[in-house]
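Survey of secondary and tertiary structure
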Amino acid sequence: MAVSGQRRRPVVALYERIADAVHDGTYPPGSTLPSEPKLAAELGVSRPALREALLLLQEDGLLTVRRGVGRTVNDRPPRRGFEHVQPLEELIGPGTPLRVRALLRTVEEPTDFTTQHLLAPARAELRFWESVLTGEGTAAALSHEWATADDLLDRVHPEFARALRAAEQGGAGRGPAVSMLSVLVRASRDTALSAHSGITATLLGRRRGEQLGRPADTPAVLVTQVVRVGEVPVLAAKHMLPTGAPALPVLHSH
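Description of the structure in this document. Throughout, a residue's number is its position along its own chain's written sequence, starting from 1. Given that the model is predicted, a residue must reach a pLDDT of at least 70 before its local features are reported, and side-chain atom pairs must reach 80 or more before they are shown or counted; all residues, however, enter totals for whole chains, interfaces and linings. No hydrogens and no water enter the side-chain calculation; it runs on all heavy atoms of the structure.

1. Topic: the nonpolar core
In this structure, Leu50, Leu54 and Leu57 are the most contacted members of the largest nonpolar core, which totals 21 residues. Among the secondary structure elements, those contributing two or more residues to this core are α1 (10–23), α2 (36–43) and α3 (47–59). Any two residues whose heavy atoms approach within 4.5 Å are treated as being in contact. What Leu50 contacts, discounting residues up to four positions off in sequence, is Leu14, Ile18, Glu36, Leu39, Ala40, Leu43 and Val45. Among the buried residues, those of types Ala, Val, Leu, Ile, Met, Phe, Trp, Tyr and Cys that are joined through side-chain atoms within 4.5 Å form a nonpolar core. Partly exposed describes any residue whose relative accessible area lies between the buried limit of under 20% and the exposed limit of over 50%, with all areas from a 1.4 Å probe on protein chains only and scaled to the type maximum. Counting 20 residues, the second-largest nonpolar core is a separate cluster that includes Leu164, Leu193, Val234 and Leu235. Numbering of helices and strands runs from the N terminus, with a helix taken as a DSSP run of H or I at least four residues long and a strand as a DSSP run of E at least two residues long.

Structural data, given as structure tokens:
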């Protein structure tokens, strides 16, 4: 579902409230939603906004309209996939979030990757976080994340800028146990995000293999990601998932 504009529209926020209720079991698979008047009263929203949100939920495969019954939750509602802006440590794995171990939290000049994806000028200073994601004692992924320059971030997403600084201060000496993307998502309750991701087959290489405890020639999946506020890229990332890592769900819309 495409979301445009910096601030979330009420219908989008309502869509997410109902989708969250489906995924957390408030409205389990096969259940019937309350009637529109009752649901609107329960949620404290107008019926036109509710009707639009329900139509979007039908389009996205969470709900079905059954004649004489009403709107029911599909038996297998689509799992939220990588097209949703969601921290990697929460997205992959068998239902238990992975643990983030901070390797490096620093500021660096742009690389070719960040110049291309964050449109960073040559002498900009970008926050860079390197993390290993682990589950059950095994390294599952290596993440490299960059935030755009502070002066731009202060203008386009000040909440994220403040949250980043707080996370780094709170993690001094040991690193915050969250990813940069997690900080961004939590700071964006009232800000619409859009993202684009690419997936490429590759090999770990020597340095990444050492960090993940795998041979250099281990096959891996490289996920690149750029997250934007409006038209402005605020975060760019590379996530390396070696063979044997927990599954990464990808939701395809049609």
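The rest of the description comes next.
2. Observations regarding the sheet that holds strand β3 (residues 99–108)
Pairing between strands is defined by DSSP: at least two bridges between the two strands are required. Taken in spatial order, the six strands of this open sheet run β3-β4-β5-β8-β7-β6, and their pairing is antiparallel. Taken across any chain shown, the strands that pair with only one partner, and hence form the sheet edges, are β3 and β6 (194–203). Taken pair by pair, the neighbouring strands of this sheet meet at an average axis angle of 15 degrees, ignoring direction. Taken together, the nine bridges between strand β4 (residues 126–135) and strand β5 (residues 138–147) define a ladder with antiparallel strand orientation. Across the sheet, residue Glu130 finds its bridge partner in β5, namely His144. Between N-to-C directions, angles cover 0 to 180 degrees, with each direction set by a line fitted to C-alpha atoms, over the stretch in contact for helices.

3. Concerning unusual backbone geometry
We note that Leu119 has phi near 55 degrees; this positive angle belongs to a residue other than glycine. Position of Leu119 relative to the elements: it lies in the loop between α5 (112–118) and β4.

4. Things to note about the packing of α1 against α3
In helix packing, the relevant descriptors are the interaxial angle and the interaxial distance, both defined with respect to the helix axes. The contact between α1 and α3 brings their axes to 9 Å, and the two run at 60 degrees. One finds that α1 runs oblique with respect to α3. Crossing angle aside, the handedness with which α1 passes α3 is right-handed. Touching Val11, Leu14, Tyr15, Ile18 and Ala19 of α1 are Ala49, Leu50, Glu52, Ala53, Leu54, Leu56 and Leu57, all from α3. Looking at the contact of α1 with α3 residue by residue, the class counts come to eleven nonpolar, no polar and one charged. Roughly parallel refers to an angle under 35 degrees, roughly antiparallel to one over 145, roughly perpendicular to one between 65 and 115, and oblique to any angle outside these ranges. We call a crossing left-handed when the near helix sits turned anticlockwise from the far one by less than a right angle, and right-handed when that turn is clockwise. Each residue receives one of three labels: charged for Asp, Glu, Lys and Arg, nonpolar for Ala, Val, Leu, Ile, Met, Phe, Trp, Tyr, Cys and Pro, and polar for the others, Gly being one of them.

5. Points about α2
For α2, the complete set of buried residues consists of Glu36, Leu39, Ala40 and Leu43. For α2, the buried positions fall inside an angular range of 100 degrees around the axis, keeping them on one side. Residues Lys38 and Ala41 are exposed on α2 and point more than 90 degrees away from its buried face. Residues of α2 that are buried in the fold lie against α1, α3 and β2 (70–73). Gly44 occupies a position one or two residues after α2 and carries a positive phi of about 70 degrees. Each direction from the helix axis to a C-beta atom contributes to the arc, which is the arc of those directions.

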